Amino acid sequence: MFWWQGDGGQGVRVAFTDRGAGNLALHTGDDADAVRARRTALERSMGVPGGSLVFLEQVHGTDVADADEHDRPAVPTADAAVTARGVPLAVMVADCVPVLLVGEGPRGPVTGVAHAGRRGLLDGVLERTVEQLRARGARGLSAWLGPSICGSCYEVPAAMREEAVRRLPAVAATTSWGTPALDLRAGARARLSALAVRVVEPTVSSGSSCTCDNEALSSHRRDPGSGRIVGLVWPARPGAEVSA
Ligand SMILES: [Zn+2]
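The present account deals with the structure reproduced in this document. Source: prediction; values computed, not measured.

**Thoughts on the overall build of the protein**
The helix and strand tally for the protein stands at 5 helices and 12 strands. Relative to the globule expectation of 18 Å for 244 residues, the C-alpha radius of gyration of the protein, 17 Å, shows essentially globular dimensions. Overall size of the protein, expressed as C-alpha extent along the three principal axes, is 50 × 40 × 35 Å. Across the 244 residues in the protein, those meeting the buried criterion constitute 52%. Carbon and sulfur atoms make up 48% of the accessible area of the protein, which totals about 10500 Å². Computing the positive centroid from 26 side-chain charges and the negative centroid from 27, the protein places the two 3 Å apart.

Have a look at this one:
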């Protein structure tokens, strides 16, 4: 179910699912009841109450949802979310970079998620997310970058690479077959480092962290029918162990 999971500090857990958890998106044409059942199973594995995990309506933008807002929509339209109250957060991906953020706030952890695809990354979704976390008093921020398409696989037209590199030089890449490409993870790493956020890039021995290379992960580029995996950040209950 989990591609990787770990300790985010501050009593917070951080994890990324693999396709063993099944498709977790409602917008990819999958059976909605089946997706809801998988989300419920995921919440059980995380040890959080059913229905408490907040998903987003992701639109490749830079809006940051406040998960703590009393009258927010159940599914906010945003590509990032933050909480200072321990709301469990999810971000869906299938090649884009899932980013999980944890900082130390005045009254406990301040956490966030962000969906860093080409457009959101270039347009500043990470900057806006970090800004919102810091507005809630977050200090000592760390970011976990999950599985995403690598720079050797993510082929783009030459003009697209040129435009992206002008805005964020770190994304410059070439595919393994020698054509223009983008390295979104390198771009995310560069933007977060510039914001003085500590970057963690988990790897697992069982396979590549490139979604396109690793069939255990969802990749829109390799297989548009492979659904969405998710990045997760949530408060661990004291003594609760997360099941694999
Ligand atoms: Zn790759």
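Here the narrative resumes, following the displayed structure.
**Overview of the sheet that holds strand S7 (residues 108-116)**
By way of backbone hydrogen bonds, the strands of a sheet pair with one another, either parallel or antiparallel. Strands sit in the order S3-S4-S7-S6-S8-S11 across an open sheet of 6 strands; the sheet is mixed. Each of the sheet's edge strands pairs with one partner strand only, and the pair in question is strand S3 (64-66) and strand S11 (198-200). On average, each strand axis in the sheet is inclined to that of its neighbour by 20°, with strand direction left out of account. In this structure, strand S6 (residues 97-105) lies alongside strand S8 (residues 139-145), joined through 5 bridges in antiparallel fashion. If you follow Glu-104 over to S8, its bridge partner there is Arg-139. Strands in contact with helix H3 (residues 125-135) are S3, strand S4 (80-83), S6, S7 and S8; relative to S7, the strand with the most contacts, it is inclined by about 165°. Together, S6, S7, S8 and S11 form the strand contacts of helix H5 (residues 184-194), whose direction differs from that of S8 by roughly 180°.

**Considering the environment of Ala-172**
The residue Ala-172 is located in strand S9 (residues 172-174) in this model. Once the C-alpha coordinates of Ala-172 and Gly-151 are considered, the two residues, 21 residues apart in sequence, prove to be 8.1 Å apart. Residues contacting Ala-172, with those up to four places away along its chain left out, are Val-165 and Ala-181.

**A look at the coordination of the zinc ion**
The zinc ion binds to the protein through Cys-150 (SG), Cys-153 (SG), Cys-210 (SG) and Asp-213 (OD), with metal-donor distances spanning 2.3 to 2.6 Å. The coordination sphere of the zinc ion comprises 4 donor atoms, whose angles at the metal cover 92 to 119°; the geometry is tetrahedral. Along the chain, the residues donating to the zinc ion are arranged with the sequence spacing C-x2-C-x56-C-x2-D. Of this pair, Cys-153 sits in the loop between S8 and helix H4 (158-167) while Cys-210 is found in the loop between S11 and strand S12 (229-235), placing the two residues 57 residues apart along the sequence. Cys-210 matches Cys-153 in its accessibility class, with the two residues each being buried.

Rules used throughout
The written sequence of each chain sets the order in which its residues are numbered from 1. This being a predicted model, a pLDDT of at least 70 is required before a residue's local features are given, and a value of 80 or more before pairs of side-chain atoms are given or counted; all residues contribute to the totals for chains, interfaces and linings. Computation of side-chain values covers all heavy atoms of the structure but excludes hydrogens and water. Strands here are runs of E lasting at least two residues and helices are runs of H or I lasting at least four, both read from the DSSP assignment and numbered beginning at the N terminus. Every radius of gyration here is taken over C-alpha atoms, with the globule rule written as 2.2 Å times N^0.38, N being the number of residues. Partly exposed describes any residue whose relative accessible area lies between the buried limit of under 20% and the exposed limit of over 50%, with all areas from a 1.4 Å probe on protein chains only and scaled to the type maximum. Every accessible area reported is derived by Shrake-Rupley at a probe size of 1.4 Å, with residue values counting cover from the shown protein chains alone. The charge count includes Lys and Arg as positive and Asp and Glu as negative, but it does not include His or the ends of the chains. Every charge is mapped to an atom, namely NZ of Lys, CZ of Arg, CG of Asp or CD of Glu. Each pair of strands is called paired provided DSSP finds at least two bridges between the two strands. Every angle, taken between N-to-C directions, lies between 0 and 180 degrees, and every axis is a line fitted to C-alpha atoms, over only the stretch in contact when it is a helix. We call two residues in contact when some of their heavy atoms are within 4.5 Å. Nitrogen, oxygen and sulfur within 2.8 Å of a metal are treated as its donors, or within 3.2 Å for sodium, potassium and calcium (Na, K, Ca); water is not counted, so a site can appear incomplete. Metal sites are grouped by the angles between bound donors: all angles between 85 and 135 degrees with four donors is tetrahedral, opposite donors over 155 degrees apart with the others between 65 and 115 is square planar for four donors and octahedral for six, and any other pattern is irregular.

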